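Residue-level structural notes
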Amino acid sequence: MMSLTPIEVEGRQVLAIEVKLPKTNLLVVTTAKGYIMCGALDVQLLNDKVADRGIIAGRAVGVRNIEQLLEAPLESVTLAAEKLGIKAGMKGKDAILKML
């Protein structure tokens, strides 16, 4: 099952995506500029193999739902995200606000 749900982060609308898979869920919160995602995101691949795309993204591990993804500290972020002031350790929702 997959759900796409508009949600508000500090009064700003973003899109939450949840894909239910066997034994895991893929979780994403996205804006027009970038996104944060659960531990399935391979930040190193984005930085190394597709760096020319300038993908703005962050990864939080150990999250099980969208609310946790927004509250969790980001474990890693892409180089393009760092250029926007998004840092590892920052809460997911704070990173999303920088992506608006």
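For the structure itself, consult the block above.
Residues numbered from 1 in each chain as written. Predicted model: local features only at pLDDT ≥ 70, side-chain atom pairs only at ≥ 80, totals over all residues. Heavy atoms only, no water.

A word on the pairing of strand S3 (residues 24-30)
- Sheet topology note: the strand S2 (residues 12-21)/S3 ladder contains seven bridges and is antiparallel. Along S3, the bridge assignment pairs leucine 21 with threonine 24.
- Between S2 and S3, which pair antiparallel and follow one another directly, the connecting turn spans two residues, one of which, lysine 23, has a positive phi of 65 degrees.
- Of the strand pairs in this sheet, S3 and strand S4 (residues 34-37) are connected by three bridges, and their pairing is antiparallel. Note that in S4 the partner of valine 29 across the bridge is isoleucine 36.
- Counting the residues that bridge the hairpin from S3 to S4 gives three residues. (Pairing = 2+ DSSP bridges. Helix = DSSP H or I, 4+ residues; strand = E, 2+ residues; numbered from the N terminus.)

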